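What follows is each chain in one-letter form.
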Amino acid sequence: MKRRRTQEVPLGSLTVGGDSPVWVEAMGRRPPGEWVSCLQEIEEAFSQGCEIFRVAVFDERGVSGLREIKKRRRDLPLVADIHFTLQLAFQAIEAGVDAIRINPGTARDVGLLESLIDFARDRGVTLRIGANTGSLPPSLRGKKRNEALVESVGLCVELAEKKNMRRLILSAKSPDIEETIEVYRRLSKTFPYPLHIGLTEAGGGLEGIVKSSVALGVLLAEGIGDTLRVSLTSQNPVLEVKVGWEILEALNIRSRGVTVISCPTCARVRGNVVLCVQKFRRAIAPLEKVARKTPLKVAIMGCEVNGPGEAREADFGLALSSGGKAALFVRGTVTAVVPQEEALEKLIDLVGKAIQKGEERSR
Ligand code: SF4
């Protein structure tokens, strides 16, 4: 799939847009005023693959917290999410954040917004203009929601461009999948700036994951999106980071670590594929961080129907067969036909060694 090329915009140590990867963003649950627990949450999210972290800043204590966090981790791309009290955005910039997210529906003081644009531009700080169906500007509330979303973003872009501010990232979120897709298609056609994509208020658990995956999947498949966030109702941001990565991996947009291809199993299955996959995942988990640098494809398949085909295509594969045996594949060739338990151990050993050697995916 061809990525729609957007203008490059710096965000701390990252570049958003252009040829850069689609970055995974998450949003904190802890208030930045409680900076120790907020930083803990940030570290946990980054350890899981988060690349841009956004925190809601709603008071001066939060600004002080940001300062403490940035003192300790200057390298982490940090976005301050500011509503209503734009004065806090000036302070957050002084505290060292890399970007400010403002919402056209809650940044209502145009004079102050213009000063903020100047302030951010002069200090090399990026502005994300993020509209949301839940907080449309009062003047646009009579319009169709999709039009109001695009228009509200457009008005802020116009203001920024008038002030020669081009470090912009745009977003316009809705909880409705079709509306989200339509709005982002329009943003993508209208503006050259990178887009932060997401379905807002998607819900929690399976429902939120499926809805976000459908919306983001369609957009990414069309080449739309430079950063993404999966908004899930949950206690911490870890799950949203994991789901974001899964979506990118499922579309072959990015890869981190070991991708497991395993069959769903059926009545023909020649052993316990579910257990094999669980044991494999558990054994590889401690190597996850190293594995991110050396993506590998591993197939674990249940029988002779699709097993040999998938196992041959992967870097390493295991295809269960009759008599409690399994065929082990290494880069397309059968290297052993041994009892299933032994085959799994060999597979784990081979993959572990490949990760440690930093082997590159060969196909
Ligand atoms: S590979 Fe074999 S066991 Fe697995 S789903 Fe296909 S037919 Fe069933």
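Along each chain, numbering runs from 1 in the same order as the chain's sequence is written. For this predicted model, a pLDDT threshold of at least 70 governs which residues receive local features, and a threshold of 80 or more governs which side-chain atom pairs are given and counted, while totals over whole chains, interfaces and linings are taken from all residues. Heavy atoms throughout the structure, all of them, feed into the side-chain values; hydrogens and water do not.

Our focus in this paragraph is the sheet that holds strand E12 (residues 296-301). Strand pairing is defined by DSSP finding a minimum of two bridges between the two strands. Each helix is a run of H or I in the DSSP string that is no shorter than four residues. Each strand is a run of E no shorter than two, and both are numbered from the N terminus. Across the sheet, which stays open at both edges, the five strands sit in the order E11-E12-E13-E14-E15 with mixed pairing between neighbours. With partners counted over all chains shown, the strands left at the sheet margins are strand E11 (258-262) and strand E15 (333-339), one partner each. Adjacent strand axes in the sheet meet at a mean angle of 20°, parallel and antiparallel pairs treated alike. Judged from the four bridges that link them, E12 and strand E13 (residues 316-320) form a sheet pairing that is parallel. Across the sheet, residue Val 298 finds its bridge partner in E13, namely Phe 316. Here helix H12 (residues 340-357) sits on the sheet and contacts E11, E12, E13, strand E14 (325-330) and E15; the angle it forms with E13, its principal contact strand, is near 170°. Here, axes are lines fitted to C-alpha atoms. For helices the fit covers the stretch in contact, and angles between N-to-C directions go from 0 to 180 degrees. Only heavy atoms matter for contacts: two residues are in contact if any of them lie within 4.5 Å across the pair.

What follows is about the site of the ligand. Note on definitions. A residue lies near a molecule or strand when any single heavy atom of the residue is within 4 Å of it. The immediate surroundings of the ligand are formed by Cys 263, Pro 264, Thr 265, Cys 266, Arg 268, Val 269, Met 301, Gly 302, Cys 303, Val 305 and Asn 306. Note on residue classes: Ala, Val, Leu, Ile, Met, Phe, Trp, Tyr, Cys and Pro are nonpolar, Asp, Glu, Lys and Arg are charged, and everything else, Gly too, is polar. Among the residues making up the shell around the ligand, the classes are represented as seven nonpolar, three polar and one charged.

Looking now at the packing of aromatic side chains. Working definition: an aromatic ring pair is given by the centre-to-centre distance plus the angle between the planes. Stacked, tilted and edge-to-face pairs are distinguished by plane angle, under 30 degrees for stacked and over 60 for edge-to-face with tilted covering the rest, among Phe, Tyr and Trp rings (Trp via its six-membered ring) whose centres lie within 6.5 Å. On inspection of all chains with the given rule, the structure shows two aromatic pairs. With a centroid separation of 6.5 Å and 35° between ring planes, the pair formed by Phe 46 and Phe 53 is classed as tilted. Between Phe 90 and Phe 119 the ring centres are 5.1 Å apart and the planes differ by 55°, which places this aromatic pair in the tilted class. You can see Phe 90 sitting in helix H3 (residues 87-94) and its partner Phe 119 sitting in helix H4 (residues 110-122), a full 29 residues away along the chain. Only protein chains enter the accessibility calculation, which uses a 1.4 Å probe. A residue is then buried if its area is under 20% of the maximum for its type, exposed if over 50%, and partly exposed in between. A residue is classified by how much of its surface remains accessible, and Phe 90, at 16% relative accessible area, is buried. Two conditions define a charge located above a ring, namely a distance within 6 Å from the ring centre to NZ of Lys or CZ of Arg, and an angle within 35 degrees of the ring normal. Looking at Arg 123, its charged tip hangs above the ring of Phe 119, at a distance of 3.5 Å from the centre.

To count toward a patch, a residue needs a relative accessible area above 30% and no salt bridge. Like charges then connect within 9 Å, nonpolar side chains (Val, Leu, Ile, Met, Phe, Trp, Tyr) within 5 Å. Under the convention used here, a 1.4 Å probe and the Shrake-Rupley method define accessible areas, while residue burial counts only the protein chains that appear. We define a salt bridge as a side-chain nitrogen of Lys or Arg found within 4 Å of a carboxyl oxygen belonging to Asp or Glu. Nonpolar side chains collect at one region of the surface, where Leu 206, Val 210 and Val 214 lie side by side and expose about 280 Å² of accessible area between them. Following the sequence through the fold, Leu 206 ends up in helix H7 (residues 205-221).

All right, on to the pattern of salt bridges then. This model, assessed by the stated rule, comprises 28 salt bridges. A salt bridge links Asp 75 to Arg 73; the shortest N-O distance between them is 3.0 Å. By relative accessible area, which is 42% here, Asp 75 ends up partly exposed. Residue classification places Arg 73 among the partly exposed positions, given a relative accessible area of 24%. Shared partners join several salt bridges into a network, and the residues in it are Glu 25, Arg 54, Asp 81, Arg 101 and Arg 128.

Let's shift gears to the packing of H4 against helix H5 (residues 145-162). With their axes 9 Å apart at the nearest point, H4 and H5 run at an angle of 55° to one another. With respect to their mutual orientation, H4 and H5 come out oblique. Our pair here, H4 against H5, has a crossing hand that is right-handed. Contact residues: H4 offers Val 110, Leu 113, Glu 114 and Ile 117, while H5 offers Cys 156, Leu 159 and Ala 160. Class assignment of the residues belonging to the contact of H4 with H5 gives a composition of six nonpolar, no polar and one charged. An angle below 35 degrees is read as roughly parallel, one above 145 as roughly antiparallel, one from 65 to 115 as roughly perpendicular, and any other as oblique. Helix crossings are classified by the rotation of the near helix relative to the far one: an anticlockwise turn of less than a right angle makes the crossing left-handed, while a clockwise turn makes it right-handed.

These figures come from the coordinates and say nothing about function on their own.
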